[in-house]
Amino acid sequence: MGEERKGGVGGEEETAASAARAAEQARELQDAAAALLTRTRAEEEALRRRAAALQGELRRLRKAAADSHADSDKVEEDLDRATCLIADGDVASLLPSKTHGTFLKMFLGPVNLRATRKEVQLKVKEEYNSYRDRTALLFLGFPVILLFLRQWLWNGCFPALPVQLYQAWLLFLYTTLALRENILRVNGSDIRPWWILHHYCAMLMALISLTWEIKGQSQPDCARKQRGVELFLCWAIMQGFVMMLQNRYQRQRLYTRIALGKAKRMDVVWGETAGVEGQLLLLCPLLFLLQGFEGYVGFLLLRTAHTGVIPEWQVVVCGVLLIAMAIGNFANTVDTLMTKSRFKAKMKKSKGKRDLDTCPSPTGSSPTDSIAKA
């Protein structure tokens, strides 16, 4: 009995000693981790200052080269190589990120959305492209099904619930696209500001269209009064078809451009004219046709509201938004084509630029060609 008691006391003492050693090891580990993080932060801050100083020096040298016009091809080639390493390498994570903006702060709060590891940034970009591929199919399929059921099941009149479900899905789609694109911009993707603004307008249009009064077959002359909904769905079908073609062609082209060193891995496929010449011959007419049809649908919505067929303020606002988006899309497409043309002319004049296709960047990209960027 006494031996058992002694054994129990000895075991308790041994346990207490082990716990004390574990606590001491935890404190030592905490001190070592804190010291490491302090050194890392100090080294990172030093690298940030060096990167910011070099970025400012590159801007100054570009301005000086543009003013002097002395051996501009060789100077610009060296400056482009330096920019390539800074903008698309690991140094990019040390540079000041773009501001989050009101939209991100409104939805996510004042959190840091800048990924420090390149593989995380690329994962965000790949998920964004996959999301667009998936939603393009729904964008096309949803209105096709609604129009088919209207003709063969609903006797020419839309019930309220299916249409409102589609409009709610559009609101969700454009909100998520805008959120993802803002996050990508914070992480270095060169998305044109117009596309994000376009999605803001589309969000507003989807939100307003949710308030449309749709009474279905209980409404007298419902087919005529639902003309605005029908026009909107026809536009959505055309938009979905063009989106699927765009995604397919531009994704293939972007992979090729990254392999050749002509685009950054963080660039995305969202844009109007990122394809090769043969693809542009197909895409450009479709894009201009879509933009014209978008403006035409907006005009018809305004006309139906003016004539009293659909005398609702929602139709007027949606019509104005469609016309504004059509004009913005057209202007952006023309600007992209003109930029592409100027870039090709510049490349033909400067033989030294050919070497930049193999810019020795860790990500294998070149900053000289931004045409594939969205």
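Just so you know, the residues in each chain are numbered from 1, in the order the chain's sequence is written. The predicted origin of the model limits local features to residues at a pLDDT of at least 70 and limits the giving and counting of side-chain atom pairs to 80 or more, whereas totals for whole chains, interfaces and linings rest on all residues. Hydrogen atoms and water are omitted, and side-chain values are computed over all heavy atoms in the structure.

A.B. asks: Can you tell me about the overall build of the chain, naming the residues and giving the values?
C.D. replies: The number of helices and strands found in the chain is 10 helices and zero strands. Each helix corresponds to a stretch of at least 4 residues labelled H or I by DSSP, and each strand to a stretch of at least 2 residues labelled E; elements are numbered beginning at the N terminus. When the helices and strands of the chain are placed in sequence order, the string is α-α-α-α-α-α-α-α-α-α. When the 374 residues of the chain are sorted by exposure, 44% land in the buried category. Residues are treated as being in contact if the distance between any of their heavy atoms lies within 4.5 Å. Taking all contacts inside the chain whose residues are at least 6 apart in sequence as the whole, residues at least 24 apart take part in 78%. For accessible areas, the Shrake-Rupley method is used with a probe of radius 1.4 Å. Any residue's cover is judged against the shown protein chains and nothing else. Carbon and sulfur atoms provide 63% of the accessible area of the chain, an area that totals close to 20000 Å². Throughout, exposure labels follow a simple rule: accessible area from a 1.4 Å probe, protein chains only, divided by the maximum for the residue type, with under 20% read as buried, over 50% as exposed, and the rest as partly exposed.

A.B. asks: Describe the packing of aromatic side chains, listing the residues and the values that go with them.
C.D. replies: Between rings of Phe, Tyr and Trp, where Trp is taken as its six-membered ring, a pair exists when centres lie within 6.5 Å; planes separated by under 30 degrees are stacked, by over 60 edge-to-face, and by other angles tilted. Under the criterion given, the structure shown has 12 aromatic pairs. Among the aromatic residues, ring-to-ring pairing joins F139, F142, Y166, W169, Y174, F232 and W235 into one connected group. One residue, R180, lies across the ring of Y131, its end atom 4.1 Å from the ring centre. Here, a charge over a ring is recorded when the distance from Lys NZ or Arg CZ to the ring centre is within 6 Å and its angle to the ring normal is within 35 degrees.

A.B. asks: So what's going on with the confidence of the model for the chain? Residues and values would help.
C.D. replies: Across the chain, each position has a pLDDT score giving the predictor's confidence in that residue, from 0 to 100. Within the chain, residue pLDDT values average 75, and 71% of them lie at 70 or more. Within the chain, the element-level pLDDT minimum falls on helix α2 (residues 72–88), averaging 71, and the maximum on helix α5 (residues 160–186), averaging 91. Long-range and interchain partners of residues 259–263, a stretch whose pLDDT sits below 50, account for 15 contacts in this model, where long-range means more than four residues apart. Every residue in residues 266–276 scores below 50 in pLDDT, and together they form 61 contacts with partners more than four places removed in sequence or on other chains.

A.B. asks: Break down the pattern of salt bridges for me, citing the residues and quoting the values.
C.D. replies: Each salt bridge in this description consists of a side-chain nitrogen of Lys or Arg and a carboxyl oxygen of Asp or Glu lying within 4 Å of one another. Summed over the entire model, instances satisfying the criterion amount to eight salt bridges. Across the pair D335 and R192 runs a salt bridge, and its minimum N-O distance is 3.0 Å. You can see D335 sitting in helix α10 (residues 313–349) and its partner R192 sitting in the loop between α5 and α6 (193–209), a full 143 residues away along the chain. Residue classification places D335 among the partly exposed positions, given a relative accessible area of 35%. Connected via shared salt-bridge partners are E127, R134 and R180.

A.B. asks: Can you tell me about the UniProt feature "transmembrane region" (unreviewed entry) in the chain, naming the residues and giving the values?
C.D. replies: As recorded in UniProt, the sites labelled "transmembrane region" (unreviewed entry) are residues 135–153, 165–183, 195–214, 229–247, 268–293 and 313–338. Across residues 229–247, helical content stands at 100% and strand content at 0%; the span's end C-alpha atoms are separated by 26 Å. Taken end to end, residues 313–338 comprises 100% helix and 0% strand; its first and last C-alpha atoms sit 38 Å apart. UniProt positions are given in the numbering used here, feature names are shortened, and annotations may be inferred rather than shown by experiment.

A.B. asks: Any details on the packing of helix α3 (residues 101–108) against α5? Residues and values, ideally.
C.D. replies: Two numbers describe how α3 lies on α5: the axes approach to 10 Å, and their chain directions differ by 115°. Comparing their axes, α5 and α3 come out roughly perpendicular. When you trace α3 past α5, the crossing you get is left-handed. Along the contact surface, α3 presents F103, L104, F107 and L108, while α5 presents T175, A178, L179, N182, I183 and V186. Each residue gets one label: Ala, Val, Leu, Ile, Met, Phe, Trp, Tyr, Cys and Pro are nonpolar, Asp, Glu, Lys and Arg are charged, and the others, such as Gly, are polar. A class-by-class count of the residues in the contact of α3 with α5 yields eight nonpolar, two polar and no charged. Axis lines are fitted to C-alpha atoms, over the contacting stretch for helices. Their N-to-C directions set the angle, which ranges from 0 to 180 degrees. These descriptions rest on fixed angle ranges, namely under 35 degrees for roughly parallel, over 145 for roughly antiparallel, 65 to 115 for roughly perpendicular, and the rest for oblique. If you view the pair so one helix is near and one far, a crossing is left-handed when the near helix is turned anticlockwise from the far one by less than a right angle, and right-handed when it is turned clockwise.

A.B. asks: So, α6: which residues are in play, and what are the values?
C.D. replies: For a helix, the expected span equals 1.5 Å multiplied by the number of residues minus one. With 17 residues, α6 extends 24 Å between its outermost C-alpha atoms, agreeing within 8% with the 24 Å of an ideal straight helix rising 1.5 Å per residue. Burial of α6 is extensive: 12 of the 17 residues sit out of reach of the surface. Every buried residue belonging to α6 is among W194, W195, I196, H198, H199, C201, A202, M203, M205, A206, I208 and S209, and all of these are buried.

A.B. asks: Describe a nonpolar patch on the surface, listing the residues and the values that go with them.
C.D. replies: A patch consists of residues exposed above 30% relative accessible area that lack any salt bridge, with like charges linked at up to 9 Å and nonpolar side chains (Val, Leu, Ile, Met, Phe, Trp, Tyr) linked at up to 5 Å. On the surface, a nonpolar cluster with roughly 370 Å² of combined accessible area is contributed by M106, F107, L108 and V111. One can find L108 in helix α3.

A.B. asks: Give me the lowdown on the side chain of T135, citing residues and values where you can.
C.D. replies: Among the secondary structure elements, T135 is positioned in helix α4 (residues 118–152). Beyond its immediate sequence surroundings of up to four residues, T135 is in contact with W169 and L173.

A.B. asks: If you had to explain the side chain of N182 to someone new, which residues and values would you point to?
C.D. replies: Inspection of the secondary structure assignment puts N182 in helix α5. Counting of polar contacts relies on pairs of N or O atoms within 3.5 Å, with two restrictions inside protein: one atom must be capable of donating a hydrogen and the other of accepting it, and residues adjacent in sequence are counted only when both atoms are side-chain atoms. Of note is the side chain of N182, whose polar atom sits 2.7 Å from the backbone oxygen of A178. If we skip the residues at most four places from it in the chain, N182 touches H100, F103, L104, I196 and Y200.

A.B. asks: Report on α5, specifying residues and quantitative values.
C.D. replies: Taking 1.5 Å per residue as the helical rise, α5 with its 27 residues ought to reach 39 Å, and the 39 Å between its terminal C-alpha atoms agrees with that figure. Positive phi appears at G188, one or two residues downstream of α5, with a value of about 105°.

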